[in-house]
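# Examining the three-dimensional arrangement
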Amino acid sequence: QVQLVESGGGLVQAGGSLRLSCAASGRTFSNYDMGWFRQAPGKEREFVAVISWSGGTTYYADSVKGRFTISRDNAKNTVYLQMNSLKPEDTAVYYCAARRSTVLVTTVARYDYWGQGTQVTVSS
């Protein structure tokens, strides 16, 4: 089992920045690819970003490319999502997820472990 706990969400004005953190425990963190997803009210959960077990490969949704940066610190068992130039449409609950490392995937169903989520609200 892998336990994931997100933090860092909040209310920010459009154009502002937030950094989300996801602390992992339970299994060897460096064995897992880590993803960030988000879910807005009335919408399905969608892919945001993913990072490989080593941190050497990342991939982003087109909607956040150039504004968000995913990173990880395997010594601290933590993955981050730096969000800059936030827009009202970025408002959602943000979840981190873990998947035993094979190839990077962006599909919700392919991830094995999920955090409880953290709310991000961007005001216009």
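Calculation rules
Residues numbered from 1 in each chain as written. Predicted model: local features only at pLDDT ≥ 70, side-chain atom pairs only at ≥ 80, totals over all residues. Heavy atoms only, no water. Disulfide = S-S within 2.5 Å. Helix = DSSP H or I, 4+ residues; strand = E, 2+ residues; numbered from the N terminus. Buried < 20%, exposed > 50% of the residue type's maximum accessible area, 1.4 Å probe, protein only. Salt bridge = Lys/Arg side-chain N within 4 Å of Asp/Glu carboxyl O.

This part covers the state of the cysteines. Scanning the entire structure with this criterion turns up one disulfide. Note on cysteine connectivity: Cys22 is disulfide-linked to Cys96, with sulfurs 1.9 Å apart. Disulfide Cys22-Cys96: torsion about the S-S bond near 45°, hence right-handed. In this pair, Cys22 is assigned in strand β3 (residues 18-25) and Cys96 in strand β9 (residues 92-100), connecting sequence segments 74 residues apart. With respect to burial, Cys22 and Cys96 carry one shared label: buried.

In this section: the pattern of salt bridges. A side chain of one charge can pair with a side chain of the opposite charge when the charged atoms of the two come close. Applying the stated criterion to the full structure yields four salt bridges. Across the pair Asp62 and Lys65 runs a salt bridge, and its minimum N-O distance is 3.1 Å. Its relative accessible area of 65% is what places Asp62 among the exposed residues. Residue class for Lys65 comes out partly exposed when judged on its relative accessible area of 46%. Among the charged side chains, a salt-bridge network with shared partners connects Arg38, Glu46, Arg67 and Asp90.

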